Each structure stands twice: as structure tokens, then as C-alpha cells.
Amino acid sequence: AKSDGRNTFCFYNSDMSHQARDRLLLEQALREAIASNGLSLNFQPKVQLETGEVFASEVLVRWNHLTQGFISPSVFIPIAERSGLIADLGRWVMEETCRYLAEIKQSGLTILPVAINLSVHELEGSGFAKHLMKYVNDYDLEPSLFEFEVTETGLISREEMVIESLKQLREAGFRVALDDFGTGYSSLSYLRKLPLTTLKIDRAFVSDITDDKVAASIVRTVITLAESLGLEVIAEGVETKEQQSILLKLGCTKAQGYFFYKPLDSLEFRKLINH
Ligand code: C2E
Ligand code: CA
Ligand code: CA
Ligand code: CA
């Protein structure tokens, strides 16, 4: 039993160093991808729930790794956060989005508002809003075109600084959305503390809505609450016609999800909005 234990320990140990090495390699590759345009942007349409009319989009970053192929942002965003690369990644996403919008504007085509995901790590430094305004001004765009989506995950430990940064974003004319609403522990108290314009109802509620009366009641209540607070509400992850019709009955007017559109690359998205 004793030697078993030792073997197990050794195995575990080498496994750990493999993991650490893999992570380091991935981190290095990500650094190079950020520096050399190895990332790209997708745009997922936000639609009017009833008609499917596109009114905005959410920007989602994509990484096509040279040898490993497509890697999900839910894998590399946490790596970027832990390694400090998130600041550079965020700057790249913001600048690339501005470049894309400016290009559309110059060709005289319709330009729709965009939502960009922010990690709370990006909101820690002071002067974040000013720094974003620089891109907006450089590309001759309006701040009202931009919404920034934040989740409450990780917010608690740095609450004051993050709230201050979000206030500065609002003062600069940007919109602010609380993402994945309802999945955290203190969503309701954040409604009071954060300077929000939008609530995004998490996919988990939407997927349960067809056969779970409690999920449906929660969604109905969130919609009423948001309306009385003057916030826009959007349901995420709508995948079926049935979900669409229940959400309509519950008073929801805006949505995102595979039922309408998957995330599209910039060319596909441009074709969609300009027919
Ligand atoms: P999120 O902000 O909650 O984004 C929604 C995710 O759900 C996206 O995954 C999207 O592709 C997916 N999705 C959309 N509609 C549906 C649907 O109907 N059904 C299902 N099953 N999924 C749907 P994605 O693109 O893999 O992004 C994952 C997460 O990575 C995002 O979650 C966001 O937290 C983060 N992320 C993505 N891009 C960025 C970025 O530029 N910066 C930062 N900081 N985070 C990002
Ligand atoms: Ca989001
Ligand atoms: Ca979300
Ligand atoms: Ca999420």
C-alpha cells in the first residue's frame, strides 16, 4: 500500500508538471497570437425576439492555434487573466472592433451598436475609460455605439475599483451590461451598486424555461424588475421556437441565440446586415 501511495504521488506529480508546461506553452502561443494578428473576431447578432430583426451584435474573440486548431475562449480567457495577457488581448479586441466599424462607416453601410466582453481584471487600473475613448476618437466613432458586458464573477474582491471604472465608462457615454445575470450569488445587490444599462438573462434560465415553472417565474420577475429600473433586458442562448414563444409571453423583447444566429465572422455579419 505504501509503494502504491508513492507511485500515485509520482504519477500525480509528473502529471502536474505536464499541465504546468502545457499551460506555459499555450500562454506563450497566445502572447504571439495577440502580437501577430493570430486572433479574429466573431459577431453574434442581437435580435428583436418577435421579428428576428438584427439591432446590434456581441463581439466574441476567436483563436485559431497553429497546430491545435480552434481553442475556445472559455479555455484561453482564463489563461489570459492569470498571466496578465488579458490587458493586451482586451486592447486588441477593442481596436480591431473599432477598425471594423470604421471600415463599414467609410463604405457608407449601416453601422450597428456592438457589445464587447470585459474581464474585471481589465477594469482594475485607473483611467480605463479614457483609454477606450482614445480608440473611439482615433477611429471617429461614437461611444454610444459600444456596450461593455461584465459578469459578477471576480467582482467581489475588487468591488470598489471596478464600480468606479464602470461609472467612468458611463460618464464617457458607453453602455454597461451585466452578463450571465442570475448565475452568481449576489446578482440582486449588484443591480443597486453597478451603473447598468442592460441585463443579460443567462442561458441556463432560458434552457429550462419550457418545462420548469420556477425558471419561467424567475425570468418573468427579472423582466419586470429590469423594466421598473429602466434597464434593457436581453435573453441569451435562445435555441428553439418554443423558447422564443414562451419568452415573448413572459414579456421579453430582445434575444440572442442559435435559434436566430450563431456567431458569424466579420464578412458573414456584414453581408447579413447589408443584404
Ligand atoms: P459569454 O459572454 O456568456 O458569451 C456567450 C457564449 O455563448 C459564446 O461562447 C457564444 O458563442 C455562446 N452562445 C451563443 N448563443 C448560444 C446558444 O444559443 N446556445 C449555446 N449553447 N451557446 C450559445 P464563446 O464565444 O465560446 O465565448 C465564451 C465566453 O468567453 C464568453 O461567454 C465570454 O465570457 C468569453 N469571451 C469571449 N470573447 C471575449 C472577449 O473578447 N473578451 C473577454 N474578456 N471575454 C470573452
Ligand atoms: Ca457576453
Ligand atoms: Ca453571457
Ligand atoms: Ca458566460
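Above this note sits the structure.
Residues numbered from 1 in each chain as written. Chains lettered and ligands numbered in written order. Predicted model: local features only at pLDDT ≥ 70, side-chain atom pairs only at ≥ 80, totals over all residues. Heavy atoms only, no water.

Draft legend 1. Examining unusual backbone geometry more closely. Of note, Asp140 is a non-glycine position whose phi angle comes to about 60°, a positive value. Structurally, Asp140 is set in the loop between helix H4 (128-138) and strand S5 (146-150). If you check the backbone angles, Asp180 has positive phi at about 55° while not being a glycine. (Helix = DSSP H or I, 4+ residues; strand = E, 2+ residues; numbered from the N terminus.)

Draft legend 2. Representation of the coordination of the calcium ion (ligand 3) within the structure. For the calcium ion (ligand 3), the protein coordination sphere consists of Asp179 (OD), Asp180 (OD), Glu236 (OE) and Glu236 (OE), at 2.2 to 2.4 Å. Look at where the donors of the calcium ion (ligand 3) fall in the sequence and you get D-D-x55-E. Given a relative accessible area of 8%, Asp179 falls into the buried group. Judged by its relative accessible area of 13%, Glu236 is buried. (Donors = N, O, S within 2.8 Å, 3.2 Å for Na, K, Ca; no water. Buried < 20%, exposed > 50% of the residue type's maximum accessible area, 1.4 Å probe, protein only.)

Draft legend 3. Here's a closer look at empty space enclosed by the protein. Going through the model one piece at a time under the given rule, you end up with 1 cavity of 30 Å³ or more. Volume-wise, the largest cavity comes out at about 30 Å³. Along its surface, the largest cavity is lined by Tyr100, Leu101, Ile104, Thr110, Ile111, Leu112, Val114, Phe269 and Ile273. Contributing elements (two or more residues each) for the lining of the largest cavity: helix H3 (86-106) and helix H10 (266-274). Class assignment of the residues belonging to the lining of the largest cavity gives a composition of 8 nonpolar, 1 polar and no charged. (1 Å grid on protein atoms, 1.4 Å probe; cavity = no way out; pocket = protein on both sides within 12 Å on 5 of 7 lines; lining within 4 Å. Points joined across faces, edges and corners; volume = space filled by probe spheres on them. Nonpolar A, V, L, I, M, F, W, Y, C, P; charged D, E, K, R; others polar.)

Draft legend 4. Seen up close, the pattern of salt bridges. Counted under the stated rule, the structure contains 17 salt bridges. One salt bridge in this structure joins Asp88 and Arg91, with 2.7 Å as the shortest N-O distance. Of this pair, Asp88 and Arg91 both sit in helix H3, 3 residues apart, which is roughly one turn of the helix. Given a relative accessible area of 36%, Asp88 falls into the partly exposed group. Overlapping salt bridges bring together Lys46, Glu58, Glu147, Glu149, Arg175, Lys200, Glu232 and Glu236 as one network. (Salt bridge = Lys/Arg side-chain N within 4 Å of Asp/Glu carboxyl O.)

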